[in-house]
Amino acid sequence: MKSKARGPLTEPMLYVLMAFLKQDMCGIDITEYVSRRTGGRVQLGPGTLYTILAKFQEDGLIEEIAVDGRKRTYRLTDKGKETYMDELGRLQMCLRDGEEALL
Amino acid sequence: MNKQSCWKLMPVNGYDIFAIESYLERMAEQGLLFSMTAGPLTLYCHDEAKTLQFHLEPMIDKSEADTELNALYEDAGWWYLGTFRNNYFVFATENPEAKAYTDPDSLDYVLKRFSKQKLISGLGLLAFNFFLLSLYHRGWPGSWIYLQYFTMETISKYPVLPLLLSILGLVFLDLYYLLGFLCLLRFRAGKAANKASRSGWLLTVGILILIPVVINTFQLFSGLDYRPIDLEDSNFVTLSEIEGPEFRLTGNRMYNMDYISHGGTLLDPENWYFQQYGTFSNRDGGSNINDVPRLILSINRYPMKALAEKRAQEWRAYRVMEEEYQSLSPVGGLEEIHLLQSDERSYLILRQGGTVLRVEYQGDKNLSKFVERFAQMLQDL
């Protein structure tokens, strides 16, 4: 997973980064966002989400901006946005290659 | 602890996540809900018997439950029960379909870090092995024969017991750790528990064996192992008392002790030692340590009478002269009195319960006249 922070991201990791694009979020909001966004196809278990948040924070992709009781709110950093865009570009190329292969 | 709780030994290895989760689930089915751990023991609260799913979240770089972690789990239908040996946060849910990890990569990442953490714990265990064995390595007397024939002597002189208990206890702990680490690697590889899972008892036995060693080590390092007594405050028989008030003791403090050497720990029998020598100078101006009057007292106190009897027997087995010890009728509360007396040198062995005294005397006085005085001395210890 460590190498994937700068390379290919797993699906849950990509959606967690995606969740921060429009607004700052806390963990519980992210679970709801991902479930809603994917129509329930991608589910984030609490262990998975907690680990991804901790890892992203460690890698500087997100940063904690507020603590309200048991809630911690994070926001995307420039590095996080850059990583998201890189991953999106990679996936677009994959998709294009896949579609071309069908022709 | 309230009446509705109970402590039980954890039979499975503490590093085998799958086995612990399964075991806690079986306990819940019997109405025992996990609460906390203390060493090899686990505390359960009596609850209604129910089917629960348990999840052990490895504690990485944390000693207390993270509020955010709890919030995430609670939001997903889990509830936090407590910590398991500072290794895991324990969560449970009634939903059999609930999954704590929905991404194998994140689980692998956590387990990888947890394994590294436990590998460092293994290095700590290795250091603990090295510490105990280097501390007590001089407990090996060098020969089994010596240990066989002079068992109590050897135990009294060398830290034999701490060494043997350390080796035994560490074998159990090391084995527990190694099997546990194998279980952890199997879990990471997605393999189910095997026989190694049922090695929880190794930890219990290892800890029980090492508890006295740890207490003994604490006594050594805190200085509780040596507690000298002022001669004036003791009721010890002195050379002057035997030889008479005019007798001159040597001025050399190395030979003429003005204190009683006294010590002992949990695994080292309590002991006293005292010696006095007469002045080394004679009329010709020469001096010889072997010629001057001397008194050497060695006392050991054992927790069992049989051990003191064995010690007295071993002392009698020393052949310092060609003659045999003579057993005298017990007086003054003594249970054994053995005397070996010649013109110049005498040996007296007295036993009272678990306490045994050996007197080595060089001089021309008759030691048998002081038996009751020595008995009084033993009583006052």
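Remember, it's a predicted structure, so these values are computed and weren't measured experimentally.

### Description of the sheet that holds strand E8 (residues 259-263) of chain B
All names here are of chain B.
- The strand order across the open sheet built from eight strands is E7-E8-E9-E10-E14-E13-E12-E11, with neighbouring strands paired in antiparallel fashion. Every other strand in the sheet has two partners, leaving strand E7 (229-230) and strand E11 (326-327) as the edge strands with one partner each.
- Across two bridges, the pairing between E7 and E8 is antiparallel. For isoleucine 229, the partnering residue across the bridge sits in E8 and is isoleucine 260.

### Focus: the interface of chain A and chain B
- Taken together, the contact between chain A and chain B spans 23 residues of the former and 24 residues of the latter.
- In total, chain A and chain B occlude about 2000 Å² of area from one another, counting both sides; carbon and sulfur atoms represent 56% of this.
- Looking only at chain A, the three residues that lose the most surface to chain B are Pro46, Tyr50 and Arg70 of chain A, adding up to 37% of its buried area.
- If you look at where chain A meets chain B, you find three salt bridges.

### A look at the pairing of strand E5 (residues 79-84) of chain B
Residues and elements named next belong to chain B.
- Note that E5 and strand E6 (residues 88-93) share five bridges and pair antiparallel. Opposite tryptophan 79, over in E6, you have alanine 92 as the bridge partner.
- Hairpin connection between E5 and E6: a loop of three residues separates the two successive antiparallel strands, and arginine 85 in this loop has a positive phi of roughly 50°.

Conventions we followed
Residues numbered from 1 in each chain as written. Chains lettered and ligands numbered in written order. Predicted model: local features only at pLDDT ≥ 70, side-chain atom pairs only at ≥ 80, totals over all residues. Heavy atoms only, no water. Pairing = 2+ DSSP bridges. Helix = DSSP H or I, 4+ residues; strand = E, 2+ residues; numbered from the N terminus. Contact = heavy atoms within 4.5 Å. Buried area = accessible area lost by both parts, 1.4 Å probe. Salt bridge = Lys/Arg side-chain N within 4 Å of Asp/Glu carboxyl O.

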